[in-house]
Amino acid sequence: MTYYKKAKEKHLENYNKLKKRYNTISVIRLLVVILFVFCIYNPFFTEHHIFEVCSVLLFFIFLVLIKIHNTISWEKLFNKNIISINSDEISYLDGITIPFENGKEFIDHKHIYTYDLDIFGENSLFQNINRTSTYVGYKYLSNLLLEKLPENEIKLNQQAVQELTKEIEWRQKLMAIAKINKDSKSNYENLISWSKKKEKQFSKLLNILIYILPIIFVFSIIATIYNPSYISITTSIFIINLIIASCKIKEVKKNLLEVDKVSEIINKYGDILSEIEKKQFKSSRLSELQTKLSDNSNSASRKIKTLSMLFSNIESVQNGMAFLFLNGIFLFHLHALNSLLKWKQNHCREIEKWLSVIGEFEMLNSLANFSYNNPKFVFPLLNNENRIDVENLGHPLVNRNVRICNSISFNNNNLIILTGSNMSGKSTFLRTLGINMLLAGIGSCVCATKANINPLKIVVSMRQTDSLDRKESYFYAEIRRLREIIDNLKVSKCFVILDEILRGTNSDDKKAGTIKIIENLINKNAIGIIATHDLEICKIANDYPNRLFNKCFESKIVDNELIFDYKLKNGICKNKNAIFIMKKMKIIKIGKPPVPLEESQSLTYS
């Protein structure tokens, strides 16, 4: 938090200074334009050549001022973005808002864990971690959260994230550059599509004509100055140039429309790549990504900036007057298209690779920012012995001031049956386990003080939904998910999380079915946790003393108030609170039974 506040103050001061310089340069530019007009206008009334010299000098001064103005404009926007980045982090850490994209478009009810664990959507893990500013980074981060990585990649990610965690100034610089122009899915996909589409190069004749005809035109202009009779030749060449340009206008516009208005976005990609190229890295993963940007010729950033310039040249075809004069004299847009096609022929296969480097850096920067914001989180040790030992495990998205942590261990392919009264924290603890297992499996830090984890594929059944479109009941949706979990266990070892399964059927079938599923999980050597309200199910642990264990969350009533400590305990839950809660909410009341019942008290609706 301290860094964010200092960085915001520092760049706010820089921004205000740049704003003053920007306004000063704007005023000077206006004065130069006025003086230029004055110097151009005066020679018509005087014979002093000083005005002509001044007009030329003022023209060059104006060009220099434009360059300075553009530089200050870029720096002003860069500092504004840094201010915004730090303001967002301050608001986030203060718990005021989560000002980051939430990835709601990636919500998939059918995915084996993302919907159940709230990986995407409002207040999701993705939204809390996401610090990407390009579409490719956004895509790479979302894909990372969809499945566990191989163990060697997890270790490489851990090293990279730990290195980047310390490089907060560099990370923010990269993010600020990426924010300068708003990126989009269509821009990215259109550019990739354009790079993969084969284009026909100019014929040899056309390659000759686009150079010879402008030269002939220039000589004809010079000849016309000395002999006006050559004006017809000059006009003819001008018209021929326009005819040739018009024949190719469709091809020019086709390349323009496929990647419309992205020259600035591409230039931004170049700036990001340039920062990556200049940085020195120690970790293998970051160095390997950096290597993808270099070859024997120019760097990737220079090549991508050249592409930006070529697209910028082509974009001017939209201006009718520019098309008329630039092509009538120089065949400008044919030269621009020819250069673009040559660039494409030489480098098109590298575009996706270069952008993937940006995506991976933004993805890793997001994990590094998550680590930086949570300095007490740890990077877990990894094992392949089916052991999961975690001390003081907490939900990473719960405010640290109210977060309750618990220690837990899974050894020798064991399963835990979790019981607890309503609102005691069972579902939150299941998600705590699931999210931290996911974080461990992608190379991130986890919310714990110590962790030794065998990264396993996560399979979850916590939040199934019925579907009118598929004509599928809640019960059938749950059965399909359980079938999917069993199928995954046939292929590989998995970490299983089940929450109150078979809710869509009667209590007898639910109990019998749950026991059979637990036995099936034991036979498949699954590791995981099953939460239930049915205390009878817990008795099955007696039949599997080394494989099945009971743990619980308890609650108690003190002064007519429910008290939860959210601490994990050994054994089976002993307390119930459903009737108390319903009475407290005035849904039911204790009254005399209208008919004899087995219980001494009955429930009637108020």
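Residues numbered from 1 in each chain as written. Predicted model: local features only at pLDDT ≥ 70, side-chain atom pairs only at ≥ 80, totals over all residues. Heavy atoms only, no water.

Pulling in residues and values, what's your account of the sheet that holds strand E1 (residues 381-382)?
Strand order across the open sheet formed by 4 strands is E1-E5-E2-E3, with mixed pairing between neighbours. Across the chains shown, the open sheet's two edge strands, defined by having one partner strand only, are E1 and strand E3 (406-410). Pairing of E1 with strand E5 (residues 450-453), which is carried by 2 bridges, proceeds in the parallel orientation. Paired with Leu382 across the two strands is Ile453, which belongs to E5. (Pairing = 2+ DSSP bridges. Helix = DSSP H or I, 4+ residues; strand = E, 2+ residues; numbered from the N terminus.)

Give a detailed account of the sheet that holds strand E12 (residues 569-570), specifying residues and quantitative values.
If you trace the 6 strands from one edge of the open sheet to the other, you get E6-E7-E8-E4-E9-E12, paired in mixed fashion. Across the chains shown, the open sheet's two edge strands, defined by having one partner strand only, are strand E6 (457-461) and E12. With respect to the sheet, helix H16 (residues 474-491) is in contact with E6 and strand E7 (494-499), its orientation differing from that of E6 by roughly 160 degrees. Where helix H17 (residues 507-523) meets the sheet, its contacts fall on strand E4 (415-420), E7, strand E8 (527-531) and strand E9 (548-553), and the angle it forms with E4 comes to roughly 150 degrees. (Contact = heavy atoms within 4.5 Å. Axes fitted to C-alpha atoms, helices over the stretch in contact; angles between N-to-C directions.)

Requested: an account of unusual backbone geometry, with residues and values cited.
The bulk of non-glycine residues show a negative phi, and the bulk of peptide bonds are trans. The phi dihedral of Asp118 falls on the positive side, at around 60 degrees, and the residue is not glycine. Following the sequence through the fold, Asp118 ends up in the loop between helix H2 (50-93) and helix H3 (125-129). For Asp118, a relative accessible area of 29% translates into the label partly exposed. Despite not being glycine, Asn123 shows a phi value in the positive range, around 60 degrees. Inspection of the secondary structure puts Asn123 in the loop between H2 and H3. (Buried < 20%, exposed > 50% of the residue type's maximum accessible area, 1.4 Å probe, protein only.)

Any chance you could break down the pattern of salt bridges for me, citing the residues and the numbers?
Going through the model one piece at a time under the given rule, you end up with 24 salt bridges. Glu251 is the salt-bridge partner of Lys248, the closest N and O atoms lying 2.9 Å from each other. Residue Lys248 and its partner Glu251 are both found in helix H9 (residues 231-258); the two are separated by 3 residues, about one turn of the helix. There is no split in this pair, since Lys248 and Glu251 are both buried. When the shortest N-O distance is used, the salt bridge between Lys539 and Glu536 registers 2.9 Å. Given a relative accessible area of 37%, Glu536 falls into the partly exposed group. Bridged by salt links that share partners, the residues Asp116, Arg481 and Glu484 form one connected network. (Salt bridge = Lys/Arg side-chain N within 4 Å of Asp/Glu carboxyl O.)

Explain the side chain of Asp534 to me, and be specific about the residues and the numbers.
Tracing the backbone shows Asp534 in the loop between E8 and E9. In this structure, Asp534 is buried with no salt-bridge partner, the nearest side chain bearing the opposite charge being Lys511 at 5.8 Å. (Lys, Arg positive; Asp, Glu negative; His and termini not counted.)

So what about the environment of Thr97? Which residues, and what values?
Within the secondary structure layout, Thr97 lies in the loop between H2 and H3. By relative accessible area, which is 36% here, Thr97 ends up partly exposed. Residues Thr97 and Glu167 lie 70 residues apart in sequence; the distance between their C-alpha atoms is 25 Å. Contacts of Thr97, omitting those with residues within four sequence positions, involve Ser91 and Tyr92.

An account of the state of the cysteines is requested, with residue identities and associated values reported.
All chains considered together, the criterion is met by 0 disulfides. Here Cys552 is not cross-linked by a disulfide; its sulfur's nearest cysteine counterpart is in Cys573, at 5.8 Å. (Disulfide = S-S within 2.5 Å.)

Describe the domain arrangement of the protein, with residues and values.
Taken domain by domain, the protein consists of domain 1 (1-98), domain 2 (174-371) and domain 3 (379-583). The straight-line distance from the C-alpha centre of domain 1 to that of domain 3 is 59 Å. (Domains from an automatic or database assignment.)

Give a description of the confidence of the model for the protein that names residues and reports values.
A residue-level look at the protein finds 92% of positions with pLDDT of 70 or above and a mean pLDDT of 88. In this model, residues 596-606 is a region of pLDDT below 50 whose contacts with residues beyond four sequence positions or in other chains number 18 contacts. (pLDDT = per-residue confidence, 0-100.)

Describe the packing of aromatic side chains, listing the residues and the values that go with them.
Throughout the structure, instances matching the rule amount to 21 aromatic pairs. Relative to Phe59, the ring of Phe36 has its centre 6.4 Å away and its plane inclined at 40 degrees; by these criteria the two rings are tilted. Of this pair, Phe36 sits in helix H1 (residues 2-41) while Phe59 sits in helix H2; the two residues are 23 residues apart in sequence, bridging distant segments of the chain. According to the relative accessible area criterion, Phe36 is partly exposed, its value standing at 28%. Judged by centre distance (6.3 Å) and plane angle (65 degrees), the ring pair of Trp343 and Trp354 falls under edge-to-face. Of the two residues, Trp343 and Trp354, neither departs from the other in class, the shared state being buried. An aromatic cluster of three or more residues is present, and its members are Phe106, Phe120, Phe126 and Tyr138. Just above the ring of Phe100 sits the side chain of Arg131; from NZ or CZ to the centre is 3.7 Å. One residue, Lys344, lies across the ring of Trp194, its end atom 4.6 Å from the ring centre. (Phe/Tyr/Trp six-rings, centres within 6.5 Å; stacked < 30°, edge-to-face > 60°. Lys NZ or Arg CZ within 6 Å of the ring centre and 35° of its normal.)

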